[in-house]
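Observations on chain architecture
Now for the letters of each chain:
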Amino acid sequence: MPKGGRKGGHKGRARQYTSPEEIDAQLQAEKQKAREEEEEEEEGGDGAAGDPKKEKKSLDSDESEDEEDDYQQKRKGVEGLIDIENPNRVAQTTKKVTQLDLDGPKELSRREREEIEKQKAKERYMKMHLAGKTEQAKADLARLAIIRKQREEAARKKEEERKAKDDATLSGKRMQSLSLNK
């Protein structure tokens, strides 16, 4: 059984559904309100009777929108009543393309520096290893020399055994041919 019981609502509240007619009415009201605001801007365009914020908006729309957004953000909740300075909050400043310094040296993060150092150390080690100057390379070369000697000895013994077997078969054939000749 669900947590809310049979009703299934959130904390006992009844669900409210909006009908499509209500949604259409709300959209039409918003459109009408936007039209009225546009008409007011057009009528108050000479500047004497217009609102100073609207004049500023018509002059420089990008900056005025940013300032109005900041003004509204400061007025949320208790922030509008009390001025609070948070030393951890960093105000985001946008840089223009002309202010960017692409030619200057780029600062790498600690992880990037460590990764580059690790790769360089690995490359140095591989060069030393291929040259046979590392401890591991010396041990590998010694092990290879021992294995080569063992294989040479095994091959020599195998060759000797094969020769001995051939000699035995040849001597056996000679004996048979001598006995047949008699």
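Just so we're clear, the structure is a prediction, and the values are computed from it rather than from any experiment. (Residues numbered from 1 in each chain as written. Predicted model: local features only at pLDDT ≥ 70, side-chain atom pairs only at ≥ 80, totals over all residues. Heavy atoms only, no water.)

Right, let's get into the overall build of the protein chain. Across its full length, the protein chain carries five helices and zero strands. In the protein chain, which comprises 182 residues, the share counted as buried stands at 2%. As displayed, the protein chain offers around 18800 Å² of accessible surface, 50% of which is attributable to carbon and sulfur atoms. (Helix = DSSP H or I, 4+ residues; strand = E, 2+ residues; numbered from the N terminus. Buried < 20%, exposed > 50% of the residue type's maximum accessible area, 1.4 Å probe, protein only. Areas by Shrake-Rupley, 256 points an atom, 1.4 Å probe, with all protein chains shown as cover.)

Along the chain, the position of Thr134 falls in the loop between helix H4 (110-131) and helix H5 (135-181). Engagement of the side chain of Thr134 in a polar contact is seen with the side chain of His129, the distance being 3.3 Å. Within the local environment of Thr134, its side chain forms a polar contact with the backbone nitrogen of Ala137, the two atoms lying 3.2 Å apart. Setting aside anything within four residues of it in sequence, one finds Thr134 in contact with Tyr125, Met128 and His129. (Polar contact = N/O pair within 3.5 Å; in protein donor to acceptor, adjacent residues only side chain to side chain. Contact = heavy atoms within 4.5 Å.)

This paragraph deals with the pattern of salt bridges. Counted according to the given criterion, the structure contains four salt bridges. Between Glu114 and Arg110 there is a salt bridge; the shortest N-O distance is 3.2 Å. Within this pair, Glu114 and its partner Arg110 are both found in helix H4, separated by four residues, close to a single helical turn. (Salt bridge = Lys/Arg side-chain N within 4 Å of Asp/Glu carboxyl O.)

Here we take up the confidence of the model for the protein chain. For the protein chain, the average pLDDT comes to 77, and 67% of its residues sit at 70 or higher. Mean pLDDT values for the elements of the protein chain range from 47 in helix H2 (residues 52-59) up to 94 in H4. Overall, residues 52-62 carries pLDDT values under 50, and its contacts beyond four positions in sequence, including any with other chains, amount to nine contacts. (pLDDT = per-residue confidence, 0-100.)

On to a negative patch on the surface. Together, Glu36, Glu37, Glu38, Glu39, Glu41, Glu42 and Glu43 make up a negatively charged patch on the protein surface. Relative to the elements of secondary structure, Glu36 occurs in helix H1 (residues 20-43). Judged by its relative accessible area of 40%, Glu36 is partly exposed. (Patch = residues over 30% accessible without salt bridge, like charges linked within 9 Å, V, L, I, M, F, W, Y side chains within 5 Å. Lys, Arg positive; Asp, Glu negative; His and termini not counted. Charge placed at Lys NZ, Arg CZ, Asp CG, Glu CD.)

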